[in-house]
Amino acid sequence: MTSREKILLPLRTSAPSAEPLPADLPAPAADGTRALADRFGRVARDLRVSLTDRCNLRCTYCMPAEGLDWMPTEQTLNDDEMIRMITVAVEKLGIRQIRFTGGEPLLRKSLEKIIAATKELTTDEGKPVGTAMTTNGMGLARRAQKLADAGLDRVNISLDTLDPELYARLTRRDRLKDAVAAIDAAIEAGLTPVKVNAVVMPGVNEGSITELARFALQKGAQLRFIEQMPLGPPEQWERAQMVTAQDILDELATEFEMTPAEEPRGSAPAALWDVTDLTDDSVTGQLGVIASVSHPFCGDCDRSRLTTDGAIRNCLFSNSETSLRDLMRAGASDDELAEKWAGAMWVKKPGHGIDDVGFLQPDRPMSAIGG
Ligand code: SAM
Ligand code: SF4
């Protein structure tokens with residue numbers, strides 16, 4: 001058996017796109033800037049940057065037990081290339097918020113350097129760019145203050161259960177303590193509001209929902225329950241079996257009073273709820289539920305994605321992408337990169353189509369796209 005045959009989710013690294021620019025792509029402004037708009041009137045202001053496809057956990061909804069075929073280093077963007085792409089996004093394309101993700105972004109040794117370079121950029125509104133990171137938290141306790149000092153504004157930490165044995169089964173690593181320590185350290189370092197991401201899998205961690213909610217409220221962290229999406233090993237997801245946002249809300253309502261939050265949701269994926277613990281009314285706060293599958297929010301999506309090998313994806317679920325890496329390595333100017341990026345976003349589809357009969361899971365797994 002070759003090593004590729006062992007892999008459940010074959011990883012296709014992106015080839016430079018030979019696609020011509022869309023004929024109806026709007027021209028840039030006189031100063032060369034343009035918005036990352038699409039044909040349906042959406043404008044991307046939020047960029048997800050995947051800093052690596054590697055990870056030190058093996059969450060069952062995301063990766064097979066043996067991991068994936070990591071991308072060779074020469075195919076991935078080095079620090080200067082990564083910083084150049086981020087600079088183009090902010091200075092030429094109207095991006096205002098950058099979220100670093102992966103794989104596990106803490107595995108990128110130069111994370112602080114990339115954050116510091118990002119934080120120096122100024123948006124089209126004349127403000128410093130917003131910086132956030134989604135992380136599993138392994139090792140964050142040691143690094144949280146350094147990251148805050150480098151210019152990181154806030155973090156989302158993934159934590160799907162508080163049961164040590166179940167955490168070890170779900171992530172295939174016995175590291176619950178590190179995840180909890182990460183939340184404490186992030187709060188201590190002021191990387192706030194600290195958000196906690198919990199994916200709910202049928203028959204696995206449904207029993208953890210109320211315990212996680214109480215834990216987050218008591219810590220002053222914002223918990224977001226996420227519907228599991230078809231982006232990991234295919235046998236781990238089945239539409240008919242998935243735990244929906246409604247199932248999560250029903251479970252929460254057994255122990256919490258829940259009122260829809262008043263603030264407008266805008267492009268945020270989470271529907272927010274003001275909650276009070278029915279057993280102790282001093283425990284209050286907000287919880288979010290991200291219903292990506294059962295109630296998609298594609299109409300309000302304001303995201304663009306840059307993979308660690310330099311491809312632009314206009315949707316998590318897209319089956320095509322536009323590689324800018326080789327164009328950049330062949331000497332393209334910032335304006336040429338911006339034009340190609342704008343072309344990739346202009347053709348974004350109206351929705352992810354998970355419920356369409358012909359839905360095909362993308363070749364790239366979640367860990368190589370950047371969640
Ligand atoms: N390793 C980091 C982490 O786990 O936070 C960042 C990358 S991870 C791909 C980003 C987020 O995607 C995490 O919150 C994770 O729980 C979520 N995620 C991964 N696979 C998912 C799936 N199949 N459905 C829904 N969310 C998923
Ligand atoms: Fe790693 Fe994050 Fe995927 Fe878990 S969800 S395997 S921590 S990339």
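Just so it is clear, the model here is predicted, and its values are computed rather than measured.

Caption draft 1: Highlighting the overall build of the protein chain. Helix and strand counts for the protein chain come out as ten helices and 14 strands. Over its C-alpha atoms the protein chain spans a radius of gyration of 20 Å, differing by no more than 12% from the 21 Å that the globule rule assigns to 371 residues. Along the longest, intermediate and shortest principal axes, the C-alpha atoms of the protein chain span 60 × 55 × 40 Å. About 16,000 Å² of surface is accessible on the protein chain, with carbon and sulfur atoms providing 51% of the total. Across the protein chain, the 43 positively charged side chains and the 56 negatively charged ones have centroids separated by 5 Å.

Caption draft 2: Structural detail: the UniProt feature "binding site: GTP" (unreviewed entry) in the protein chain. Taking the numbering used here, the UniProt-annotated feature "binding site: GTP" (unreviewed entry) corresponds to Arg-48, Arg-99, Thr-134, Lys-195, Arg-303, Ser-304 and Arg-305. Locating Thr-134 in the fold gives a position in strand 5 (residues 130-135). When sequence neighbours within four positions are dropped, the list of residues in contact with Thr-134 reads Arg-99, Phe-100, Thr-101, Pro-105, Asn-156, Ser-158 and Asn-197. Within polar-contact distance, the side chain of Thr-134 engages the side chain of Arg-99 at 3.0 Å. By secondary structure assignment, the location of Arg-305 is in strand 12 (residues 303-306). Its relative accessible area of 5% is what places Arg-305 among the buried residues.

Caption draft 3: Local environment of the side chain of Thr-307. By the secondary structure assignment, Thr-307 is in the loop between strand 12 and strand 13 (311-313). Here Asp-309 takes part through its side chain, which lies 2.6 Å from a polar atom of the side chain of Thr-307. With near-sequence residues (within four places) excluded, Thr-307 lies in contact with Ser-50, Arg-313, Arg-364, Ala-368 and Ile-369.

Caption draft 4: Representation of the environment of Thr-131 within the structure. Note on placement: Thr-131 falls in strand 5. Residue Thr-131 is classed as buried on the basis of its relative accessible area, which comes to 0%. In this structure the C-alpha to C-alpha distance between Thr-131 and Arg-34, which are 97 residues apart in sequence, comes to 21 Å.

Caption draft 5: Summary view of the site of ligand 1. Looking at ligand 1, there are 17 residues lining it, with Tyr-61, Gly-103, Ser-158, Asn-197 and Met-229 nearest. Here ligand 1, which alone exposes 540 Å², has 95% of that area covered by the protein. For the shell around ligand 1, the elements supplying multiple residues, two or more each, are strand 5 and strand 7 (195-200). For the shell around ligand 1, a count of residues per class yields five nonpolar, ten polar and two charged.

Caption draft 6: Quick peek at the environment of Glu-235. Summarising the element assignment, Glu-235 is placed in the loop between strand 8 (222-227) and helix 7 (245-252). What makes Glu-235 exposed here is its relative accessible area of 57%. Separated by 174 residues in the primary sequence, Glu-235 and Tyr-61 have C-alpha atoms spaced 9.3 Å apart.

Caption draft 7: A look at the sheet that holds strand 14 (residues 322-323). As summarised here, the arrangement of the twelve strands in space is 9-10-11-8-7-6-5-4-3-12-13-14, forming an open sheet in which the pairing is mixed. Only two strands of the sheet have a single partner each, and these edge strands are strand 9 (256-260) and strand 14. Here helix 1 (residues 79-93) sits on the sheet in contact with strand 3 (46-50), strand 4 (97-101), strand 12 and strand 13, set at roughly 170° to strand 3.

Caption draft 8: Structural view of the UniProt feature "binding site: S-adenosyl-L-methionine" (unreviewed entry) in the protein chain. The positions that UniProt labels "binding site: S-adenosyl-L-methionine" (unreviewed entry) are, in the present scheme, Tyr-61, Gly-103, Ser-158 and Met-229. Note on placement: Gly-103 falls in the loop between strand 4 and helix 2 (111-119). The contacts of Gly-103, once residues within four sequence positions are left out, are Thr-52, Asp-53, Arg-54 and Ser-367. Among the residues examined, Ser-158 registers a relative accessible area of 21% and is labelled partly exposed. Non-local contacts of Ser-158, meaning those with residues more than four positions away in its chain, are made with Thr-134, Thr-135, Asn-136 and Asn-197.

Caption draft 9: Just the pattern of salt bridges, in detail. Under the definition given, this model contains 22 salt bridges. Its salt-bridge partner being Asp-79, residue Arg-108 comes within 2.7 Å of it at the nearest N-O pair. With Arg-108 in the loop between strand 4 and helix 2 and Asp-79 in helix 1, the pair connects residues that are 29 residues apart, well separated along the chain. Considered together, Arg-108 and Asp-79 belong to a single accessibility category, that of buried residues. The network of salt bridges with common partners includes Arg-45, Arg-96, Asp-124, Glu-125 and Lys-127.

Caption draft 10: Examining helix 5 (residues 176-188) more closely. Helix length check: helix 5 (13 residues) gives 19 Å between terminal C-alpha atoms against 18 Å at 1.5 Å per residue, within 8%. Listing the buried residues of helix 5 in full gives Leu-176, Ala-179, Ala-182, Ile-183, Ala-185 and Ala-186. Elements that come into contact with the buried residues of helix 5 comprise helix 3 (140-150), strand 6 (154-158), helix 4 (164-171), strand 7 and helix 6 (209-219). Phi turns positive one or two residues past the end of helix 5, at Gly-190, with a value near 80°.

Caption draft 11: Representation of the packing of helix 6 against helix 7. The geometry of helix 6 relative to helix 7 is characterised by a closest axis approach of 9 Å and an angle of 70° between their N-to-C directions. As judged from the angle between their axes, helix 6 and helix 7 are roughly perpendicular. Considering only the axes of helix 6 and helix 7, their crossing is right-handed. Contact with helix 6, carried on its side by Ile-209, Thr-210 and Ala-213, involves Ile-248, Glu-251 and Leu-252 of helix 7 and no other residues of that element. Its residues assigned to classes, the contact of helix 6 with helix 7 shows four nonpolar, one polar and one charged.

Rules and cut-offs
- Residues numbered from 1 in each chain as written.
- Chains lettered and ligands numbered in written order.
- Predicted model: local features only at pLDDT ≥ 70, side-chain atom pairs only at ≥ 80, totals over all residues.
- Heavy atoms only, no water.
- Helix = DSSP H or I, 4+ residues; strand = E, 2+ residues; numbered from the N terminus.
- Rg over C-alpha atoms; globule rule 2.2 N^0.38 Å.
- Areas by Shrake-Rupley, 256 points an atom, 1.4 Å probe, with all protein chains shown as cover.
- Lys, Arg positive; Asp, Glu negative; His and termini not counted.
- Charge placed at Lys NZ, Arg CZ, Asp CG, Glu CD.
- UniProt positions renumbered as here; feature names shortened; annotations may be inferred.
- Contact = heavy atoms within 4.5 Å.
- Polar contact = N/O pair within 3.5 Å; in protein donor to acceptor, adjacent residues only side chain to side chain.
- Buried < 20%, exposed > 50% of the residue type's maximum accessible area, 1.4 Å probe, protein only.
- Near = heavy atom within 4 Å.
- Nonpolar A, V, L, I, M, F, W, Y, C, P; charged D, E, K, R; others polar.
- Pairing = 2+ DSSP bridges.
- Axes fitted to C-alpha atoms, helices over the stretch in contact; angles between N-to-C directions.
- Salt bridge = Lys/Arg side-chain N within 4 Å of Asp/Glu carboxyl O.
- Expected span 1.5 Å × (residues − 1).
- Parallel < 35°, antiparallel > 145°, perpendicular 65-115°, else oblique.
- Left-handed = near helix turned anticlockwise from the far one by under 90°.

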